[in-house]
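Residue strings, one per chain:
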Amino acid sequence: MMPRALFTALATSMAALVWAHAANQADRAVVSQSAAAPPMVGYEGQIKPLFDAQCVECHSQDKRKGGLSLAAYADVLDGGRTGAVIRPGNPVGSLMIDRLTGRVGDRMPLGRPPLSDAEIAIVRLWIDQGARATPSASPAPPPWEAPMALQRPAVPNAVWPAWSRPLDRIVASYLSRQDTAEPGLVGDALFARRTYLDVWGLLPSPAELHAFVSDRSPDKRDRLVATLLADNQKYAEHWISFWNDLLRNEDGVTYYSEENGRKSITEWLLPALTSNLHYDQFVAKLLNPAGPGDPEGFLIGVNWRGETSAAVTPWMQASQNTAQIFLGINLKCNACHDSFINKWTLKDAYALAAFFSPEPTLQLYRCDVARAQYAGPAFLYPELNRVPPSSSLADRRATAAAIFTDRRNGRMPRTVVNRFWERLLGRGIVPISDEMDGVPWSAEVLDWVASDFVEHEYDLKHLIATILTSRAYQMTAVARAGDPPARIYTFHGPEPRRLTAEQFADAIGSLTGEWSVFRPAGPRGPTPPAPRTDSDPLSAGVYAREWRAASSQLTRALGRPIRDQVTSTRAIQATTLQALELVNGEILSRWLMRGARRMIGELPPEPPSLFNALVGGRNAIQRGFDIDISQSSTLWLLVSDTGSNAPERVLPVWSGVELAGPDGAVLLPSLAPTDGAGLRGGATNGARGLSVKNPSHLVYDITGKGFTRLRGTAEVENPRREIGSTLNPQLRFFVFDVKPNMDRLIPPAEGLPLPRPPIVRSVREVVDRIFLSALHRLPSDAERRDAEAAVTDPQRPGTPSPEGVADLLWAVLMKPEFQLIY
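Here, residues in each chain are numbered from 1, in the same order as that chain's written sequence. With the structure being a predicted model, the display of local features is reserved for residues of pLDDT at least 70 and the display and counting of side-chain atom pairs for 80 or more, all residues being used for whole-chain, interface and lining totals. Side-chain measures here rest on the full set of heavy atoms in the structure, leaving out hydrogens and waters.

A separate point is the overall build of the chain. Counting its secondary structure elements, the chain contains 29 helices and 17 strands. Only protein chains enter the area calculation, which uses a 1.4 Å probe; residues under 20% of their type maximum are buried, those over 50% are exposed, and those in between are partly exposed. Across the 822 residues of the chain, 50% fall into the buried class. Residues count as neighbours in contact if any of their non-hydrogen atoms are within 4.5 Å of one another. In the chain, of all internal contacts separated by at least 6 residues, the share reaching a separation of at least 24 is 70%. We get accessible surface area from the Shrake-Rupley algorithm with a probe of 1.4 Å; when it comes to residues, only the shown protein chains can shield them. By element, 55% of the accessible surface of the chain is carried by carbon and sulfur atoms, the whole surface being about 36200 Å². Secondary structure elements follow DSSP: runs of H or I of four or more residues count as helices, runs of E of two or more count as strands, with numbering from the N terminus.

Structure representation (structure tokens):
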């Protein structure tokens, strides 16, 4: 019990404190009443001159670093790619003040003297007073922000009777507020072309298009979407390119060594798409690959040099990638320092990385300099954070998966909805899917589609069907005029889109029957214990859709990324490199010539090889051979690179190669090649080995010499430490006894992705086939006249020539009518 004297003393002291506080408040009130209020600050007179002098060098309407312009009042209110930089009435919560003071990130303006205290004070006061345009104007409106949780918006009454579905009614309400009359929809042929390309990535055949256009059923568009989505294989083989770009998945390419480098997740991803694995489970598997066959390669990232900086460790890449792909948050700067363009800090990036790192606590490094700070696993949004049940990596990954797929997390469904809308209509509801704090042109459209997606258990096919059957998708395409800020962008319909590299290539395959070839990597493992007498059984290759094939100079020029980083959207503007490849590129020229020959039945069979084998990986660095050459008069020895990390540094060698016959054996280096340009070190080379370039070819004439066997070893002579750590050689060695086709060193196995189109024999049939298949129409009279003249063989009237057919193919494929999705 408290002694009375002590109680009395405490009571007296508390009374004195209360009296003093009351007196202080009274004094403040008197001072406040007597002091004049600070004058109102206006943007034009006081703030804009300051921004013009200090900020617009980096934040003009042309430069917009971080998406932010400070050149005009409306630009300031718009903010940057990641949202608002000022919050009217709340300078403490305004990113601009944090940047000007250096409280978050480096102090701005970067690389220049900071603003004075008086200048910062006037900006702070302007924001505190409501960020008014003029001293007498009303306060600026608060910035738009999406709430974390999804809530399905109310569906308005129908504006136009035909726009009766919930999504259509929301879009119609939006359009009517823009004083837009009821828009028309595209015709059946254009709708079918769009939909085939968007679901399957393939052009409709003339027969498929005719059947759809001839159908008079009122629900035929809905039925077409459902039919296309029901073909799981074609759907998956198109959409896998979209996910490969996002998830940095590429087959046959590594960046360091097999145990540390990127691992393909194709064996998981293709079945996941084929079975329509729902998106919450899809994300959970990527973030927590706990079971057999789960995609563990996603979290490994790309390891370029073996010894990496703190900013590109696999777990930091996992932090950046998961935030970007699934949440639309840019953490790229935050691996090194607090961001210059958004609110996220260095510690935020490290805390997210701690869910995926070997150790549960990470020391922070600012630009590779260690700091006396540490981060344990924590989510970017505290209201969704969960504490892992233990510090084990398994529990931390499982916790991360649970947080990302938490139904209270509205960012994840909004982000994937925006990505699909952008893919299918050319522009997202939020302008940039990687920056989901941006302002949508319709928050109601975004949240309704996202809510519907979640209510249908994150079904991606349902999401695609919802968009494709909407009238918004079926409106006439409208070309974008520049890249307007979000505040002045108005949705008036889809935008024309360029065919992807894969769609372009697959169109050539479906039109001509000439597809790309997918070559499996072949076996990896220890060197065979004895010389091989057979060729690699996995080396034949198969005709396949373009996503399966390795990228080429042509497909990279058409926009296919290298995939060493996340690619959420591909460039839509034509480039000089693209023009050069399309107009004068060898790959397309050879492809179209082969396609032309195949169309008219004049493509000869591929010459077979006597030997071909993969030599590569950490262990399979040599392959023995012993082959019959009793019927051969000429030998071609070829080396082709199929994906080495540094092809120019790989040193192939034909080791111990000898030619044997009834009179004994001679070493191949003792013969002079008729073409020895592929040798390293000149035509003489080593006594027992032929050191060759990568790639290379050698030609030998053995006519009349009586040789019956060719034997030796194909290998790589780099030091083993280089092979296992950095080079990762991937070579194919070939022996031919007839001149090889350099485009098809490995004749593909039979079987095509689509049925082979019938051979066309007449000039008219060729012209009709090309126009109907590529453009879905017959040529005009003038087009027919010119096309038939170009295709006709001058030596065989009425008969198409391969060169003429190839020229017509090229001319049609260059038309915007072919290359664009309208």
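That shown, we press on.
Note on placement: D628 falls in strand β7 (residues 622-628). When the C-alpha atoms of D628 and R709 are compared, they prove to be 4.8 Å apart, with 81 residues separating the residues in sequence. Beyond its immediate stretch of four places on either side in the chain, D628 contacts L610, T708 and R709. Under the rule applied, a polar contact is a pair of N or O atoms within 3.5 Å (in protein, one hydrogen donor and one hydrogen acceptor; residues adjacent in sequence only if both atoms are side-chain atoms). Here the side chain of D628 touches S630 through a polar contact of 2.8 Å, side chain to side chain.

One fewer than the residue count of a helix, multiplied by 1.5 Å, yields its expected span. With 12 residues, helix α26 (residues 763-774) extends 17 Å from end C-alpha to end C-alpha; this agrees with the ideal 16 Å at 1.5 Å per step. Taken residue by residue, α26 has V763, V766, V767, D768, R769, I770, F771, S773 and A774 as its buried positions. Downstream of α26 by a residue or two, H776 has a phi angle that is positive, lying close to 60°.

Now for the sheet that holds strand β8 (residues 634-641). One open sheet accounts for four strands, arranged β6-β14-β8-β12; its pairing is antiparallel. The open sheet has two edge strands, β6 (611-616) and β12 (696-701), and neither has a second partner. Recorded for the sheet is a direction-independent mean angle of 10° between the axes of neighbouring strands. A pair of strands counts as paired when DSSP detects no fewer than two bridges linking them. As paired elements, β6 and strand β14 (residues 730-736) share six bridges and run antiparallel to each other. Here, axes are lines fitted to C-alpha atoms. For helices the fit covers the stretch in contact, and angles between N-to-C directions go from 0 to 180 degrees.

To continue, consider the nonpolar core. For this analysis, a nonpolar core means a set of buried residues of the types Ala, Val, Leu, Ile, Met, Phe, Trp, Tyr and Cys, connected via side-chain atoms within 4.5 Å. Within the largest apolar cluster, 97 residues are counted, with the highest numbers of intra-cluster contacts made by W243, L247, Y279, F282, F326, F420 and F491. When residues in this core are grouped by element, the largest group, eight residues, is from helix α10 (residues 232-247). Ignoring sequence-local partners within four residues, the contact set of Y279 consists of W243, F326, M412, V416, F453, Y458 and L460. Core analysis: the next-biggest nonpolar cluster, separate from the first, contains 37 residues, A507, I770, L775 and A787 among them.

A pair is scored as a salt bridge if a Lys or Arg side-chain nitrogen falls within 4 Å of a carboxyl oxygen belonging to Asp or Glu. Within the structure shown, the criterion is met by 46 salt bridges. A salt bridge links R411 to D437, with the nearest nitrogen and oxygen atoms 2.9 Å apart. In this pair, R411 sits in helix α17 (residues 411-425) while D437 sits in the loop between α17 and α18 (443-455), placing the two residues 26 residues apart along the sequence. Overall, the relative accessible area of 9% leaves R411 in the buried class. Take D437: its relative accessible area is 26%, and that puts it in the partly exposed class. For E717, the salt bridge goes to R680, with nearest N and O atoms at 2.7 Å. Of this pair, E717 sits in the loop between β13 (709-716) and α25 (720-727) while R680 sits in the loop between β10 (664-667) and β11 (689-691), and the two are 37 residues apart along the sequence. Using a relative accessible area of 37% as the deciding quantity, one classes E717 as partly exposed. Given a relative accessible area of 24%, R680 falls into the partly exposed group. One network of salt bridges, with partners in common, ties together D245, E250, E502, R560, R563 and R570.

Let us now look at the pairing of β8. Every regular strand shows the same layout, with side chains that alternate between the two sheet faces. Counting buried positions along β8 yields seven of eight residues, so the element is predominantly enclosed. As judged from the six bridges shared by β8 and β12, these two strands associate in the antiparallel manner. The residue bridging L635 from the neighbouring strand is Y700, located in β12.

With an omega dihedral of 0°, the bond running from M108 to P109 counts as a cis peptide bond. We note that N276 has phi near 55°; this positive angle belongs to a residue other than glycine. Of note, N276 is situated in the loop between α11 (266-274) and α12 (279-287). Taking relative accessible area as the criterion, N276 reaches 13% and is therefore assigned buried. Positive phi is not limited to glycine here, since R563 has a value of about 70°. With respect to the helices and strands, the residue R563 is situated in the loop between α22 (553-557) and α23 (576-584).

All right, on to the side chain of T399 then. Structurally, T399 can be placed in helix α16 (residues 393-404). For T399, the side chain forms a polar contact with the main-chain oxygen of D395, separated by 2.7 Å. Residues in contact with T399, not counting those within four places in the same chain, are F355, R386, V387, P388 and P389.

The next subject is helix α28 (residues 802-813). The first and last C-alpha atoms of α28 sit 16 Å apart over 12 residues, in line with the 16 Å expected at 1.5 Å per residue. Of all the positions in α28, only P802, G804, V805, A806, L808, L809, V812 and L813 are classed as buried.

Only a pair of cysteine sulfur atoms within 2.5 Å counts as a disulfide in this structure description. Counted by the stated rule, this structure contains zero disulfides. C58 provides the cysteine sulfur closest to C55, a residue in no disulfide bond, and the two sulfurs are 8.8 Å apart. Among the residues examined, C55 registers a relative accessible area of 11% and is labelled buried.

Each residue gets a pLDDT score, which is the predictor's confidence in that residue and runs from 0 to 100. Model confidence for the chain is summarised by a mean pLDDT of 88, while 89% of its residues fall at 70 or above. Low confidence marks residues 1-34, where pLDDT is under 50. Its contacts with residues over four positions away, or in another chain, come to two contacts. A low-confidence stretch, residues 522-538 (pLDDT under 50), is modelled with 37 contacts involving residues beyond four sequence positions or located in other chains.

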